[in-house]
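# Observations on the three-dimensional arrangement
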Amino acid sequence: MSDPGVLSFTHQGWEQVLAKVKRALVYLDAACAESLHWGCGSTRLLEAVGGPACHLREFEPTAVGGGAEQPKAVFVLSCLLKGRTVETLRDIICRSHFQYCVVVTAVNHAVHLTANHVPAAAAAELEGQQPVFEQLEEKLCEWMGNMNYTAEVLHVPLLLAPAAPHLALTPAFASLFPLLPRDVHLLNSARPDKRRLGSLGEVDATALPPELLLQIRCLVSGLSSLCEHLGVREECFAVGSLSRIIAADLANYAPAKNRRKTAAGRASVVFVDRTLDLTGAVGHHGDNLVEKMLSVLPQLPGHTNDVMVNMVELTALHTEEENWNAVAPGCLAQSSDMAGKALWEALLNTKHKEAVMEVRRHLVEAASRENLPIKMSMGRVTPGQLTTYIQLFKNNLKALVNHCGLLQLGLATVQTLKHPHTAKWDNFLAFERLLLQSVGESTMSVVLSQLLPMIKPSHQRTKDDYCPEELLILLIYIYSVSGEFTADKNLGEAEENVKKTLAQVFCEESELSPLLQKITGCDSSINLTFHKSKIAMDELFTSLRDVAGARNLMKQFKSVYVPGNHTHQASYKPLLKQVVEEIFHPEKPDPVDIEHMSSGLTDLLKTGFSMFMKVIVLSTRLLKPLNIPELLFATDRLHPDLGF
């Protein structure tokens, strides 16, 4: 096996699962399916299962059970074996004919003890024992209908979906989002008056609801397993309120104490609240092809970090829209195709122009190896030129199979370049640059007034105008990049005008998108009244104010906005870039906003960043990777911006 890293960690976990699945019916939940998708691919799992039929099913309450000819089942789950998960297990098993059940959970037994309210002292005495898993094994046999049947419950840390050797995602924690100032009011509603919190800075683990604490502990248990695989003793640092809680939990995680004593290496783990900088998440500054692919191509169902690539171009079907669903979609993840994987990693780390040229180079080289009649052309790469190269493989089954991964990425490139939203990219970028100049020179009310004429109902919009979702993106950009601002006398009126106009636009939409349905609480525009829409806008702007104030507690990282001068225009400086610069700057004093979380008396005596050896940067929620040769993780969507 290669040197320890995110790829080997994921492969090692899946090898343990694959050893159990021979001739089994395999049920996976969405997060584990995504880990498999990026880690080793479904083909590897099907090969391990064996047999001519496809035996993969989604783990859900309505999942089809196993017939009399399917006596073995393996359930691969990312969550705690508790509550609805156990109920779903029971329902599937009871309507099946299983005689052998294996349940794999990505959450270790120690967290299951916590979830079952076992005190820490009692849990310590149970070291080496797994009573929760053993009790579930008995239940599995009971549900199968015979206590002599075989049942196994085991923990395998399937935490990561490795998008690249130095970039991994945690799809099971896609819903984990940092706290906003308004959340303090919700937390205070469950606290006595004398113990009420004044700000996010006062929030600690004892103030959080049990469900959120358990979610954090599940993440911490997976990260601890990763550190064990890497052979490192981690030092935990945090930027932001929720990151501070997660970092402290990892630093004091009891099951990790013994393995830290024997760890040969050291690593510093920096957690960052993504809400401190949403500008980069919604902005269009990144000159990166992958970012555009993820923004414009339709999302792969059940996935948080991949898209669908239309493969009809490589078939004999006509390319009309009604045929698109007749062929299984391609995707960006190429875990089992080495050439495709190499191209994907190149696309992640190059700018748009170089990336498109890299796609052409790979297609030309592949066509040459297959002796296809390729006609070389130099100069600017166009979608039509790439399509011509791709169609050379169309009627050659051997070439198609040999270069399937490369062709998926090639088609993804063509479809991204031709997508109407890609043409809008420059419009977004131009308006964002205008906003950056306005933020430094004008009040927030003036900035909102510039946005107001761009809010148009569907019957007045052209292809160049912004739809409601795009307007929301611009609003997040405005409030996040502005940060804390002084409320002038016209701000309330300006916000009210935008809210009313947006509320009316929502009501006039012929069909509500999933996002608008979630925001308004209505599944159809027919049921959406102006009153409901206005209430939703009031809530939205409360959240926007919180986004603007997310950095209020920061002393050093208070702004991502760099004012312009007579030689340079105003610009955006990503928070993550600022954090990394502070960490690696040889002369600056200890950063006050990067908090070190102690795991004991010895750590309390440490000062400075001398312990920064390898750096692992993690972000709660949406993270844009920096172009640094370190390990990088995101708890949600992959959204590259390699302009660091």
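Note: the structure precedes this text.
These lines cover the structure that appears in this document, whether it is placed above or below. The model shown is predicted, which means the values in this text are computed figures rather than measured ones.

## Concerning the sheet that holds strand β4 (residues 100-105)
- The parallel open sheet is built from five strands, whose spatial order is β2-β1-β3-β4-β5. Two strands lie at the open edges of the sheet, namely β2 (56-58) and β5 (150-155), each paired on one side alone. Strand-to-strand twist across the sheet, computed as the mean angle between neighbouring axes with direction ignored, equals 15°.
- Bridge count between strand β1 (residues 25-28) and β2: three bridges; the pairing is parallel.

## Observations concerning the nonpolar core
- Ranked by internal contacts, the top residues of the largest apolar core, which has 55 residues, are Val239, Leu448, Leu451, Leu475, Tyr479, Leu502 and Val579.
- Apart from the residues within four sequence positions on either side, Val579 is in contact with Val239, Val270, Phe557 and Ile594.
- Within the second largest apolar cluster, 44 residues are counted, among which are Ala168, Leu197, Leu208 and Val232.

## Describing empty space enclosed by the protein
- Across all of its chains, the model carries three cavities of 30 Å³ or more by this definition.
- Listed by contribution, the elements that provide at least two residues to the lining of the largest cavity are α2 (30-39), β6 (161-164) and α14 (338-348).
- There is about 60 Å³ of room inside the second largest cavity.
- Every residue along the wall of the second largest cavity is listed here: Ser78, Ala106, Val107, Leu158, Leu159, Ala172, Phe173, Cys218 and Gly222.
- Among the residues making up the lining of the second largest cavity, the classes are represented as seven nonpolar, two polar and no charged.

## Concerning the pattern of salt bridges
- In the structure shown here, the tally under the stated rule is 25 salt bridges.
- Measuring nitrogen to oxygen at the nearest pair gives 2.8 Å for the salt bridge that ties Glu235 to Arg233.
- Between Asp465 and Lys456 there is a salt bridge; the shortest N-O distance is 3.3 Å.
- Among the residues examined, Lys456 registers a relative accessible area of 26% and is labelled partly exposed.
- Counted as one network, the salt bridges with shared partners bring together Glu496, Lys499, Lys534 and Asp538.

Cut-offs used in this document
- Residues numbered from 1 in each chain as written.
- Predicted model: local features only at pLDDT ≥ 70, side-chain atom pairs only at ≥ 80, totals over all residues.
- Heavy atoms only, no water.
- Pairing = 2+ DSSP bridges.
- Helix = DSSP H or I, 4+ residues; strand = E, 2+ residues; numbered from the N terminus.
- Axes fitted to C-alpha atoms, helices over the stretch in contact; angles between N-to-C directions.
- Core = buried A, V, L, I, M, F, W, Y, C linked by side-chain atoms within 4.5 Å.
- Buried < 20%, exposed > 50% of the residue type's maximum accessible area, 1.4 Å probe, protein only.
- Contact = heavy atoms within 4.5 Å.
- 1 Å grid on protein atoms, 1.4 Å probe; cavity = no way out; pocket = protein on both sides within 12 Å on 5 of 7 lines; lining within 4 Å.
- Points joined across faces, edges and corners; volume = space filled by probe spheres on them.
- Nonpolar A, V, L, I, M, F, W, Y, C, P; charged D, E, K, R; others polar.
- Salt bridge = Lys/Arg side-chain N within 4 Å of Asp/Glu carboxyl O.

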